[in-house]
Amino acid sequence: ADQLLDCAKKNELKIELSYYTGCEDMLYDLCEMNRHADIIFLDIIMHRMNGIKAAHLLRKRGIAAQIVFISGSEDYVYQAFDVDAVQYLVKGKITKEQFESAFLRAAEKVYTQKQDLFVCEFNGMEASVLMRQIQYFEIWNRVISIYDGSKQHIKFYGSLEQLEQQLANKGFVRIHRSYIVNLSYIARFRPRKIVLKSGVELPMGGIYIAAVKQAFSEYISNNHIYYNEAQKQGEK
């Protein structure tokens, strides 16, 4: 903990630390109580549950924190990268410079990741989802739901007008008074409808049709995507 604080102070980074004596407590806090962590320094050989198994459970629950393994054994190095670990450090063999390098690398990944995260709050609990995973937003009675292909939808209070401004120039388009869609998930147009790559059909309001088609045309042009004639069926 002292070494982390020293690294943060040296590099003028503000951090908050939480310390756990076992994986079970950490998993409970992060998975059940929805506490947030950007970077997790994780030992491997511990009582009851080892760090590799804990990391797999974190990833399974959708927790994208940067993981740095610190272990007295080199036996798990290949397994560590199955969970997209930033670094595998071996106790007794790492220098202060190597530790600092691992910390800064993790911090840089956190910063980059946050640029691509949509963060919101509902009933006092913060949630986040990668922008590229969001298929569309839907509003009902001032509650906005995020649909990202998972069964559990993140919700938050707001208006689509405010959300539309927040998402400006980020690859999303308003298609209806109740929907904002990620342009990359649009598969085809039908009369007054949009079909997503997931097969979901969403209504398209008449006042939005021209703007939606213009935004989609610019999207496929800017990203050099081939848009075949079969996809255009139903547009006319």
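Residues numbered from 1 in each chain as written. Predicted model: local features only at pLDDT ≥ 70, side-chain atom pairs only at ≥ 80, totals over all residues. Heavy atoms only, no water.

Draft legend 1. Spotlight on the pairing of strand S7 (residues 143-147). With 5 of 5 residues buried, S7 is to be regarded as a mostly interior element. The alternating pattern of S7 places Val-143, Ser-145 and Tyr-147 and Ile-144 and Ile-146 on opposite faces, both of which are buried. Across 5 bridges, the pairing between strand S6 (residues 136-140) and S7 is antiparallel. Paired with Glu-138 across the bridge in S7 is Ser-145. In this sheet, strand S8 (residues 154-157) lies alongside S7 in antiparallel orientation, the contact comprising 4 bridges. The residue of S8 that forms the bridge with Ile-144 is Phe-156. Joining the antiparallel neighbours S7 and S8 is a turn of 6 residues, in which Gly-149 adopts a positive phi near 95°. (Buried < 20%, exposed > 50% of the residue type's maximum accessible area, 1.4 Å probe, protein only. Helix = DSSP H or I, 4+ residues; strand = E, 2+ residues; numbered from the N terminus. Pairing = 2+ DSSP bridges.)

Draft legend 2. Main features of the environment of Glu-108. Following the sequence through the fold, Glu-108 ends up in helix H5 (residues 96-115). Through-space distance from the C-alpha of Glu-108 to that of Gln-66 is 9.9 Å; in sequence the pair is 42 residues apart.

Draft legend 3. Representation of the nonpolar core. Ranked by size, the top nonpolar core spans 22 residues in total, and within it Met-26, Leu-27, Ile-40, Leu-42, Leu-58, Ile-67 and Phe-69 carry the most contacts. Broken down by secondary-structure element, the contributors of at least two residues to this core are helix H2 (23-32), strand S1 (39-42), helix H3 (51-60), strand S2 (66-71) and strand S3 (87-90). Broken down by element, the residue count for this core peaks at 5 residues, all from H2. Sequence-distant contacts of Ile-40, that is, excluding residues within four places in its chain, are made with Met-26, Leu-30, Leu-58, Ala-65, Gln-66, Ile-67 and Val-68. Judged by nonpolar contacts, the second largest core, of 20 residues, contains Val-181, Phe-189, Val-212 and Tyr-219. (Core = buried A, V, L, I, M, F, W, Y, C linked by side-chain atoms within 4.5 Å. Contact = heavy atoms within 4.5 Å.)

Draft legend 4. Structural view of the sheet that holds S3. Taken in spatial order, the 3 strands make up an open sheet running S1-S2-S3, and their pairing is parallel. Of all the strands in the sheet, just S1 and S3 have a single pairing partner and so form its edges. Here the average twist between neighbouring strands, direction ignored, is 20°. (Axes fitted to C-alpha atoms, helices over the stretch in contact; angles between N-to-C directions.)

Draft legend 5. Structural detail: H3. Those residues of H3 not exposed but buried are Gly-51, Ile-52, Ala-54, Ala-55 and Leu-58. Projection of H3 onto a plane perpendicular to its axis shows the buried side chains occupying an angular sector of 160°, all on one side. Those residues of H3 that are exposed and angled more than 90 degrees off the buried face are Lys-53 and Lys-60. For H3, the elements touching its buried residues are H2, S1, S2 and helix H4 (77-80). The residue sitting at the N-terminus of H3 and contributing the capping side-chain oxygen is Asn-50; that oxygen lies 3.0 Å from the backbone nitrogen of Ile-52. Two residues or fewer after H3 comes Gly-62, characterised by a positive phi angle close to 85°. (Arc of directions from axis to C-beta. Polar contact = N/O pair within 3.5 Å; in protein donor to acceptor, adjacent residues only side chain to side chain.)

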